Structure formats: C-alpha cells, structure tokens
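Architecture at a glance
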Amino acid sequence: MKNLKSTLVVAFIALFSNGVFSQVDAIDKSGLAIGGYDVVSYQKDHKPMKGTVNFAEQNEKVTYYFTSKENAKAFKANPKKYLPQVNGYCAWGVAEKDSKFSINPETFKVVDNKLYLFFNGDINGAKVNTLDIWNKDESKYLSAIDSKWAAIK
C-alpha cells in the first residue's frame, strides 16, 4: 500500500511538472491571451497567476482573464501598462530569431515595467529556456526587439 501511494505521488508530480513547462500560443484560436494568465499579476504580485472567465476583459478583440475584479479594473483603465511586449510571443524569439514562438506563461521577466514572456520547454528532447539565453545578453535583445517586432508583426 505504501508503494502504491508513493507511485501515485510520483505520477502526480510528473503530470504536474509537464504542465508547468507547457507552451501556449500568445493568442489562441478562441482569442484568449497567454493561456488565460492574468497579465496584471506579473507586475502586481510578481508572479504568474491563472485568471478566470469570471473576470474577463477584452482589448482589441483579444480576451484576457484576471484573478480578481480589481486586476480586471486596473487592466481596463490602462491596458498598455500590462500588455505583454511583442503581443505575448517569446521575446527572445522576436529579438534574436525574427520569429513568433509560443511561450510558457510561467517563464517571464518584467523590465522597466514591461512584461516579456519566453519559450521554456522541450525541442527535440532537449530542454530549452529562452529566458536563460535572454539574461546572458539582455541589453542586446532589448535594443533590438522593437525594430524586429515592427518588421515581423
């Protein structure tokens, strides 16, 4: 019985870990942004938090979910303050590869009050976290990202 419980715990952790590194589209086919994560929480709470349909707001035909009425209200009052850079695509992918990559909403960085999201997952069996790459030469990527985004958006 003890072995069965241990096996179930390990299986649960394995399933949960897989979910942590799941990639999402910046905006999915239904128009939901960044997998339903609350864009205000990245700056207000300094962590990613999954929002809910109960606190949804639209901005330019894209739906954003929030964890609270207060966060939804803050977003509605000033969306530009909270919207992720490069429409929520992987910041490194835009700045370095001139491409739109999916992102892991749990892999982020706020720089000068701007939210940047990153790819963090498996590519051909290798773990790749583009935030780690970004951090090695952040100033280079920050100086390039706006012009690169203008060319590919």
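Each remark here, short or long, concerns the structure printed above.
Residues numbered from 1 in each chain as written. Predicted model: local features only at pLDDT ≥ 70, side-chain atom pairs only at ≥ 80, totals over all residues. Heavy atoms only, no water.

Observations regarding the packing of aromatic side chains
One pass over the structure, following the stated rule, counts eight aromatic pairs. Plain terms: the ring middles of F66 and F75 are 5.1 Å apart, the flat faces sit at 40° to each other, and that makes the pair tilted. In this structure F66 comes out as buried when scored by relative accessible area, which is 0%. Judged by relative accessible area, F75 falls into the buried class, the value being 1%. (Phe/Tyr/Trp six-rings, centres within 6.5 Å; stacked < 30°, edge-to-face > 60°. Buried < 20%, exposed > 50% of the residue type's maximum accessible area, 1.4 Å probe, protein only.)

What about the pairing of strand 3 (residues 104-111)?
If a strand is regular, its side chains alternate between the two faces of the sheet. As paired elements, strand 3 and strand 4 (residues 114-118) share five bridges and run antiparallel to each other. Along strand 4, the bridge assignment pairs K109 with Y116. From the end of strand 3 to the start of strand 4, which pair antiparallel, there are two residues, and D112 there has a positive phi angle of about 50°. (Pairing = 2+ DSSP bridges. Helix = DSSP H or I, 4+ residues; strand = E, 2+ residues; numbered from the N terminus.)

Let's talk about unusual backbone geometry
In this structure, E60 takes a positive phi of about 50° despite not being glycine. With respect to the helices, strands and loops of the structure, E60 is situated in the loop between strand 1 (52-59) and strand 2 (62-66). A relative accessible area of 73% means that E60 is categorised as exposed. Here the phi dihedral of D98 falls at roughly 55°; this positive angle occurs in a residue that is not glycine. With respect to the helices and strands, D98 occurs in the loop between helix 5 (91-97) and strand 3.

Topic: the nonpolar core
I34, Y64, F75, W134 and I145 are the most contacted members of the largest nonpolar core, which totals 32 residues. Taken together, the elements giving at least two residues each to this core come down to helix 2 (39-44), strand 2, helix 3 (69-77), helix 5, strand 3, strand 4, helix 6 (130-136) and helix 7 (138-152). With residues up to four places along the chain from it excluded, the contact list for Y64 reads A33, V39, F55, A56, E57, N59, F75 and L83. (Core = buried A, V, L, I, M, F, W, Y, C linked by side-chain atoms within 4.5 Å. Contact = heavy atoms within 4.5 Å.)

Quick word on helix 7
Compared with the 21 Å implied by 1.5 Å per residue over 15 residues, the 20 Å span of helix 7 between its first and last C-alpha is a close match. Buried residues of helix 7: E138, Y141, A144, I145 and W149, and no others. Buried residues belonging to helix 7 abut helix 5, strand 3, strand 4 and helix 6. (Expected span 1.5 Å × (residues − 1).)

A short note on helix 3
If you check which residues of helix 3 are buried, you get N71, A72 and F75. The buried residues of helix 3 occupy one face: seen down the axis, they fall within an arc of 100°. Across from the buried face of helix 3, at angles greater than 90 degrees, the exposed residues are K69, E70, K73, K76 and A77. On its buried side, helix 3 packs onto helix 2, strand 1, strand 2 and helix 4 (79-82). (Arc of directions from axis to C-beta.)

Description of the pattern of salt bridges
Evaluated as defined, the whole model comprises three salt bridges. A salt bridge links K140 to E96, with the nearest nitrogen and oxygen atoms 3.2 Å apart. Within this pair, whereas K140 is found in helix 7, its partner E96 is found in helix 5, the two being separated by 44 residues in sequence. The class for K140 is partly exposed, based on a relative accessible area of 38%. With a shortest N-O distance of 3.0 Å, K148 and D98 are connected by a salt bridge. Taken together, the residues span a long stretch of sequence, with K148 in helix 7 and D98 in the loop between helix 5 and strand 3 at a distance of 50 residues. Looking at K148, the relative accessible area reads 25%, which means it is partly exposed. (Salt bridge = Lys/Arg side-chain N within 4 Å of Asp/Glu carboxyl O.)

Don't take any of this as a statement about function, it's just geometry.
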